[in-house]
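# Working through the structure, step by step
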Amino acid sequence: RKMFVAPPGWTFWARDFSGIEAVLVGWFAGSDRYQRLAKIDIHAFYTAYALYELEKAIPYDALPQEKWPDDQLKLALSQIKREFKQRRQNNKIMVHGGNYLMGPFEAQETQLKELGVVVPMKEIKRLQGFYWELFPEIREWHDRVTGKWANGAGVATPTEQENAHQRTWLRTPFGNWHHYYHVLDFTKEGGQWQAKYGPDAKRSVAFLPQSSGRFILTRATQRLAQDVQSTVRLLLHDEILGVCRLGHLSHCLENSKYEMEKPIPELGGLTIGTEAKTGDCWGTLETIVD
């Protein structure tokens, strides 16, 4: 990234969605609670409770409470992020993995590849189990999407966006389709058929939030591309990178914020926050508060 430097009189600007996939997971799971925490800092929240429940590493009085107002909760979670930065980074992988049916061996491998640490398998399993205890709505959503039996009570009622097993396809609220072949495995245990996740289960669960997130980013980029005062250079995961003349920077930051944070009608008016960065070198962009 440090190879890319803006020409004299120009500057880079970048803006990315804050936790867009986690927010969308909360939306598809039908959980206002999860959406709120995802917008503030779901990773710090989970880290705080895991430290308390699994290790007793912090006192109960230090736990952020969901009943607090957003400003108070945001401040408490920012303190957790600063104090337990590495632990939060480790747990960030556990949160995304928990949302997308990542198994314990895959989670351990991802931790090693991305962070260079080997987390014992026993600890991985404890963290995964605790995540689903803290957010049971995520497992319920998994069952609805795949069509897996929920607690032996039968298959959840399918909707147009859910139950890939019965329908063999999924469609996002934006009209994007994907077909699936082997979402569930069925085995007979004790004389009764039991459903387990098959090879396509992970793909079916990931499709709705990931495809929707990409559509939201692409649509915002298409609107920004009509702005003659800026040039969009790159899309990277959940970020838009652009370049503009120094005198147009304020306009580009305001316009990108407006376009990216617009209510999303297909998702009932859901809004997703963003963060902006600027600088004359792509590799050294600095976050700004706007």
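Please refer to the structure placed before this passage.
Procedures and definitions
- Residues numbered from 1 in each chain as written.
- Predicted model: local features only at pLDDT ≥ 70, side-chain atom pairs only at ≥ 80, totals over all residues.
- Heavy atoms only, no water.
- Helix = DSSP H or I, 4+ residues; strand = E, 2+ residues; numbered from the N terminus.
- Contact = heavy atoms within 4.5 Å.
- 1 Å grid on protein atoms, 1.4 Å probe; cavity = no way out; pocket = protein on both sides within 12 Å on 5 of 7 lines; lining within 4 Å.
- Points joined across faces, edges and corners; volume = space filled by probe spheres on them.
- Nonpolar A, V, L, I, M, F, W, Y, C, P; charged D, E, K, R; others polar.
- Core = buried A, V, L, I, M, F, W, Y, C linked by side-chain atoms within 4.5 Å.
- Buried < 20%, exposed > 50% of the residue type's maximum accessible area, 1.4 Å probe, protein only.
- Pairing = 2+ DSSP bridges.
- Axes fitted to C-alpha atoms, helices over the stretch in contact; angles between N-to-C directions.

## Quick notes on the side chain of aspartate 16
Mapping aspartate 16 onto the fold places it in strand S1 (residues 10-17). Those residues in contact with aspartate 16, other than ones at most four positions away along the chain, are Asp238, Glu239, Met260, Gly273, Thr274 and Glu275.

## Some thoughts on unusual backbone geometry
We note that lysine 56 has phi near 55 degrees; this positive angle belongs to a residue other than glycine. Among the structural elements, lysine 56 can be located in the loop between helix H3 (42-55) and helix H4 (70-83). Unlike most non-glycine residues, histidine 237 shows phi in positive territory, near 60 degrees. Topologically, histidine 237 is positioned in the loop between strand S6 (231-236) and strand S7 (239-245).

## With respect to the layout of surface pockets
Computed from the structure, the largest pocket encloses a volume of approximately 1300 Å³. Along the walls of the largest pocket sit 43 residues, with Ser18, Gly19, His43, Arg88 and Lys92 positioned nearest its centre. Sorting elements by how many residues they give to the lining of the largest pocket places helix H5 (residues 85-99) first, with 6 residues. Approximately 260 Å³ is the volume found for the second largest pocket. Forming the walls of the second largest pocket are 13 residues, and the residues nearest its centre are Arg1, Asp16, Leu236, Glu239 and Lys277. Of all the secondary-structure elements, those providing two or more residues to the lining of the second largest pocket are S1 and strand S8 (274-279). Of the residues that constitute the lining of the second largest pocket, the class distribution is 4 nonpolar, 3 polar and 6 charged.

## Considerations on the nonpolar core
Core analysis: the biggest nonpolar cluster contains 73 residues, and Tyr34, Tyr46 and Phe135 have the highest contact counts within it. Sequence-distant contacts of tyrosine 34, that is, excluding residues within four places in its chain, are made with Ala22, Val25, Gly26, Ile42, Val95, Asn99, Tyr131, Phe135, Glu137 and Ile138. Judged by nonpolar contacts, the second largest core, of 7 residues, contains Ala6, Phe12, Leu241 and Leu285.

## Considerations on the sheet that holds S7
Taken in spatial order, the 5 strands make up an open sheet running S6-S7-S1-S8-S9, and their pairing is antiparallel. Among the strands making up the open sheet, the edge pair consists of S6 and strand S9 (286-288). When the angles between neighbouring strand axes are averaged without regard to direction, this sheet yields 30 degrees. Against the sheet, helix H11 (residues 249-260) makes contact with S1, S7, S8 and S9, and its axis sits at roughly 20 degrees relative to S1, the strand it touches most.

## Notes on helix H8 (residues 136-146)
Along H8, the positions that sit buried rather than exposed are Glu137, Ile138, Trp141, His142, Asp143, Val145 and Thr146. Directly after H8, the chain includes glycine 147, whose backbone phi takes a positive value near 90 degrees.

## Some details on the pairing of strand S4 (residues 184-189)
Sheet topology places S4 next to strand S5 (residues 192-197); 6 bridges connect them, and they run antiparallel. Pairing of glutamate 189 across the sheet is with glutamine 192, part of S5. Here S4 folds back onto S5, and the loop between the two strands holds 2 residues, one of which, glycine 190, carries a positive phi near 60 degrees.

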